[in-house]
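Notes for the structure review
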Amino acid sequence: MKRIGIVFLVGIFFLFLLLRVFYLDADVPLINIVRIADIDEFYYSIGGFNLFYFGEIKNSVLPFAESDLSPFATLLDLFTYVSVTVFGNTYYGLRMASVLVSCLIFILIILILRKTSLSFFNVSKVRENLFIYLILIYFALDFSFLIMGRICEPTIYRSLSMIIVIYVFAHLNKMSPSSKMFLPSFLIGVISMATVCFVYFYNIFIVAAAFIAFFLFIRSRGIRYILKCLVLYGAGVLLTFIVYDFYVRYNFGKSFISYIELLSTFSDRVLKPTANDHGVLRNAWHFLRFTFLQDFGTNMFKFNLPFLFAFLAFLPVYLSKTFKEKKVFDIFVLSLIGFWFLQTMFENSFPDKRHTLMFPLFVLVLIYSVEYLNKFLEDLKNSLMKKIFLFAYYFFILIIGYLLFKGFSLKHLSSYPELMTFSMLNGIFLLVVFLIFSLVVFAYLRIAIIKLLPSFFILPAFYLYINYVVQKRTYSYRDMMIEMSEHIDHKNVVGGISYATRLYNSSIPSVNSYAWMYHNPKEYNKRVSALFNSGNADHIVLLKEDSKDNFFHRENSLSELDIDKNIFFEKIGEYKVRERTFLLFARKEHRK
């Protein structure tokens, strides 16, 4: 039986891997389905390609074209460099790093479960472990998390770094507060701050959660001991910051603080309402209301309403476990969720990404809650008020699920009729999961039925994978870059959307328009014009006028350039990539 359990785990791991590797060079599903822009992959990975081609993370190959790279995703750059070196300048080279990172997350989840000694996590008891095997299958299939593991984007790296810190706290879980905590204090400071500096700035919530959890863990040791530990924690944070600042100064010639100022480029999304965002300082109630709806209305939850209901329904169980057992691991998990949610109200990022980041943590909460459910139900038997509160809470989150189901149907089904069956399945399974919870909690139905819950998460996720990754896959982006190679191989492609066409060819892109379009468009135009006028630039890639992308990506941006009168642009290629049309222009000179 023990061998069967190990075979199950190994089989689920290979399922996890293969789902991410199959058709890895296909187009990313449509943005309304995955909430990810396919061109963003190329802009996040500039540093990795610089390492691959030039041997340095920041590189300026042309005059007047200082590198536009910012140092906010160092781990992604390093992994991308290794991946492209091994798999080549293809989508497999670009994306395989994310596949491997997501596999590391899976392995760490298993190690965390073993380290925290779950009573039912014993590979010799397959029947008793049914919930964990099913939830791990769902972990492999969840559509949003799966897509993040198939593209080059920082979210999967943020998730890995968070799981690494959770693994560190899993080690602390068996230590008593009376143990010597000076070295752990320092190491936790180093590791948690490293998730911010070397992975992504928006991981700052991990530092705050680690601080609070560690403080609560040692709070009974006396003020002098606590202060020593917290000073060592702060020293670890400070040391990591100093090392990173040195790294940034050495490679980029600026301080880390100067790059933090770049975040003000997007401050409008936080400070004032726009078409899609609602600012906290101008209209707090409006902001909070829409942030709340956005947080529950992301694809990760909306595409799997039974999972959303189960996660929210199990939160009281996990809260009860944490307050009763007071384990540092549980305190840290809840601190992560709390500080993450607080940060979402101010963070300038797409809700779908920041929720997918937390998906492995949500899975852990489900697993630990199932382990504790018997004790929770025993406490519930003796309290009528708790039962009333819990029923009201379950009914409330059922209403949230219904509103999301209704909104999803109205908003999406007209454009995606193939989702009609999926939507009905989603709604039915939401009701089934609600009934299971209600019967177990209030009618004391056998708790074993809870172990079947992941079955109702798996089917919607599997439907989405088959429909959008397998059946509806296209290769237009890959084919466009291959076709474009005959024109841009070994050529300098400057400005516009040039970075987004660099695979399957040896083009040399420079002048990242994203780095200039929000705060200094004149400088962008000056650089691009100077490169074309001096003969250092050969081509520019833009989008047709009907594109909704920013002005610097569209063909009419050429009119803003200060180009020598003897130079003109000739359109030498037009490529249809799903809803976009890419245009390739070449620099030409008049001949007398």
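Residues numbered from 1 in each chain as written. Predicted model: local features only at pLDDT ≥ 70, side-chain atom pairs only at ≥ 80, totals over all residues. Heavy atoms only, no water.

Notes on the overall build of the chain
What counts, and what does not: Note on conventions: DSSP H or I runs of at least 4 residues are helices, E runs of at least 2 residues are strands, and numbering of each starts at the N terminus. We call two residues in contact whenever any of their non-hydrogen atoms come within 4.5 Å of each other. What sets the accessible areas is the Shrake-Rupley method with a 1.4 Å probe; for residues, cover comes only from the shown protein chains.
When you go through the chain residue by residue, the secondary structure sums to 25 helices and 5 strands. Long-range pairs, those at least 24 residues apart, make up 74% of the contacts in the chain between residues at least 6 apart in sequence. Of the accessible surface of the chain, which amounts to about 25,400 Å², a share of 64% is contributed by carbon and sulfur atoms.

Here's the deal with the packing of helix 9 (residues 154-172) against helix 18 (residues 328-344)
When two helices pack together, you describe them by how their axes are tilted relative to each other and by the distance separating the axes. Under the convention used in this document: Every angle, taken between N-to-C directions, lies between 0 and 180 degrees, and every axis is a line fitted to C-alpha atoms, over only the stretch in contact when it is a helix. Roughly parallel covers angles under 35 degrees, roughly antiparallel covers those over 145, roughly perpendicular covers 65 to 115, and oblique covers all other angles. As a working rule, the residues Ala, Val, Leu, Ile, Met, Phe, Trp, Tyr, Cys and Pro are called nonpolar, Asp, Glu, Lys and Arg charged, and the rest polar, with Gly in that last group.
Across the interface, helix 9 lies against helix 18 with an axial gap of 8 Å and an inter-helix angle of 150°. On the basis of their axis angle, the class for helix 9 and helix 18 is roughly antiparallel. Residue-level contacts link R158, M162, V165, I166, F169, A170 and L172 of helix 9 to V328, F329, F332, L336 and Q343 of helix 18. Taken together, the residues of the contact of helix 9 with helix 18 sort by class into 10 nonpolar, 1 polar and 1 charged.

Quick word on helix 11 (residues 204-218)
Where we set the bar: Any helix carries an expected span of 1.5 Å times its number of residues minus one. Relative accessibility under 20% of the residue-type maximum defines a buried residue, over 50% an exposed one, and the middle range a partly exposed one, all with a 1.4 Å probe and only protein chains included.
If you check helix 11, its first and last C-alpha atoms are 22 Å apart, about what 15 residues at 1.5 Å a residue would give, namely 21 Å. Every buried residue of helix 11 is listed here: F205, I206, V207, A209, A210, A213, F214, F217 and I218.

Here we look at the packing of helix 17 (residues 305-325) against helix 20 (residues 359-381)
Which entries qualify depends on this criterion: Helix crossings get a hand from a simple test, with the near helix turned counterclockwise from the far one by less than a right angle marking a left-handed crossing and a clockwise turn marking a right-handed one.
Where helix 17 contacts helix 20, the axes come no closer than 7 Å and their chain directions differ by 65°. Relative to helix 20, helix 17 is oriented so that their crossing is left-handed. Tallied by class, residues from the contact of helix 17 with helix 20 come to 17 nonpolar, 2 polar and 6 charged.

A short note on unusual backbone geometry
Even without glycine at this site, Y23 takes up a positive phi of about 55°. Positive phi values are uncommon outside glycine, yet V511 reaches one of about 60°. With respect to the secondary-structure elements, V511 resides in the loop between strand 2 (508-510) and helix 25 (521-533).

What to know about the nonpolar core
Put simply, the rule reads: In this text, buried Ala, Val, Leu, Ile, Met, Phe, Trp, Tyr and Cys residues form a nonpolar core when linked through side-chain atoms within 4.5 Å.
By size, the foremost hydrophobic cluster in this structure holds 177 residues, and its most contacted members are I135, I166, F169, F309, Y394, Y477 and F582. Those residues in contact with Y477 that lie beyond four places of it in its chain are D27, D38, I39, F42, Y91, A500, V577 and F582. Counting 21 residues, the second largest nonpolar core, distinct from the first, contains A65, Y524, V528 and F569.

Some thoughts on the pattern of salt bridges
Defined as follows: Take a side-chain nitrogen of Lys or Arg and a carboxyl oxygen of Asp or Glu: if they are within 4 Å of each other, that pair is a salt bridge.
Considering all chains together, one arrives at 14 salt bridges under this definition. Among the ionic pairs, R249 bridges to D245, the shortest N-O distance being 2.6 Å. With a gap of 4 residues between them, R249 and D245 both fall in helix 12 (residues 223-252), about one helical turn apart. Of the charged contacts, one joins E574 and K571 as a salt bridge, the two residues approaching to 3.0 Å between their closest N and O atoms. Residue class for K571 comes out partly exposed when judged on its relative accessible area of 42%.

Looking at the packing of aromatic side chains
Threshold: For Phe, Tyr and Trp, where Trp contributes only its six-membered ring, two rings pair if their centres lie within 6.5 Å, and the inter-plane angle classes them as stacked under 30 degrees, edge-to-face over 60, or tilted in between. Consider the ring centre and the ring normal. A charge sits over the ring if Lys NZ or Arg CZ is within 6 Å of that centre and within 35 degrees of that normal.
Going through the model one piece at a time under the given rule, you end up with 53 aromatic pairs. Ring geometry for F42 and Y91: centres 6.2 Å apart, planes at 55°, overall tilted. Of this pair, F42 sits in helix 3 (residues 40-44) while Y91 sits in helix 6 (residues 91-115); the two residues are 49 residues apart in sequence, bridging distant segments of the chain. By relative accessible area, which is 0% here, Y91 ends up buried. One aromatic cluster is present, built from ring pairs that chain together F13, F14, F16, F106, Y138, F139, F145, F307, F359 and F457. Here the guanidinium or amino end of R20 rests over the ring plane of F16, the centre of that ring lying 3.6 Å away.

As for the sheet that holds strand 2
Just so we agree on the cut-off: Strand pairing requires that DSSP identify at least two bridges connecting the strands.
Read from one edge to the other, the open sheet built from 5 strands follows the order 2-1-3-5-4, with strand pairing classed as mixed. The strands lining the two open edges of the sheet, one partner per strand, are strand 2 and strand 4 (567-577). Taken over all neighbouring pairs, the strand axes of this sheet differ in orientation by 30° on average, direction set aside. Relative to strand 5 (residues 580-589), strand 3 (residues 539-543) runs antiparallel, the two sharing 5 bridges. By the bridge assignment for strand 5, L542 is matched with L583.

Description of the pairing of strand 4
Here 10 bridges tie strand 4 to strand 5, and the two strands are oriented antiparallel to one another. Considered in strand 5, the bridge of Y575 is made with F582. Counting the residues between successive antiparallel strands, the hairpin from strand 4 to strand 5 contains 2 residues, one of them, R578, with a positive phi of roughly 50°.

Let's talk about the environment of A194
By the secondary structure assignment, A194 is in helix 10 (residues 182-199). Taking the relative accessible area as the measure of exposure, A194 reaches 23% and is therefore partly exposed. When the C-alpha atoms of A194 and V207 are compared, they prove to be 9.2 Å apart, with 13 residues separating the residues in sequence. Discounting chain neighbours no more than four positions away, the residues touching A194 are V199 and T240.

Quick word on the side chain of R158
Here R158 shows up in helix 9. In this structure R158 comes out as buried when scored by relative accessible area, which is 5%.

Remarks on helix 10
Here is the rule: By definition, a residue's bend is the angle between the axes fitted to the seven residues ending there and the seven starting there.
Taking 1.5 Å per residue, 18 residues should reach 26 Å; helix 10 reaches 25 Å between its end C-alpha atoms and fits that length. Remark: the principal bend of helix 10, roughly 30°, maps to M193. Of the surrounding elements, those touching the buried residues of helix 10 are helix 5 (74-87), helix 9, helix 11 and helix 12.

Topic: the confidence of the model for the chain
Formally: pLDDT is defined as a per-residue confidence score from the predictor, taking values between 0 and 100.
The pLDDT averaged across the chain works out to 84; a share of 86% of its residues lies at or above 70. Within the model, pLDDT remains below 50 along residues 267-283, and this stretch shows 26 contacts once partners closer than five positions in the same chain are excluded.

Let's talk about a nonpolar patch on the surface
So the rule is basically this: For patch detection, residues must exceed 30% relative accessible area and be free of salt bridges, and they are connected within 9 Å for like charges or within 5 Å for nonpolar side chains (Val, Leu, Ile, Met, Phe, Trp, Tyr).
Residues I6, V10, F14, L18 and F22 make up a contiguous nonpolar surface patch of about 430 Å² in total accessible area. Note that F22 resides in the loop between helix 1 (2-21) and helix 2 (31-34).

Focus: the pairing of strand 1 (residues 492-496)
Within strand 1, 5 of the 5 residues are buried, which leaves the element mostly enclosed by the surrounding structure. Bridging between strand 1 and strand 2 involves 3 bridges; their strand directions are parallel. Note on strand 2: the bridge partner recorded for V494 is S510. Examined bridge by bridge, strand 1 and strand 3 share 2 bridges and lie parallel to one another. Each residue of the ladder has a partner; that of V493, found in strand 3, is H539.

Considerations on the side chain of H539
On the secondary structure map, H539 appears in strand 3. Those residues in contact with H539 that lie beyond four places of it in its chain are H487, I488, K491, N492, V493, V494, F532, I572, L584, F585 and A586.

Some details on the environment of T116
Operational definition: Pairs of N or O atoms are called polar contacts if they sit within 3.5 Å, as long as, within protein, a hydrogen donor faces a hydrogen acceptor (for residues adjacent in sequence, only side-chain-to-side-chain pairs).
Mapped onto the fold, T116 is located in the loop between helix 6 and helix 7 (130-141). Taking the relative accessible area as the measure of exposure, T116 reaches 11% and is therefore buried. Along the chain, T116 and L172 lie 56 residues apart, while their C-alpha atoms are 9.5 Å from each other. Excluding its chain neighbours within four sequence positions, the residues that come into contact with T116 are A170, N173, F329 and Y368. Looking at T116, its side chain comes within polar contact range of the main-chain oxygen of I112, at 2.7 Å.

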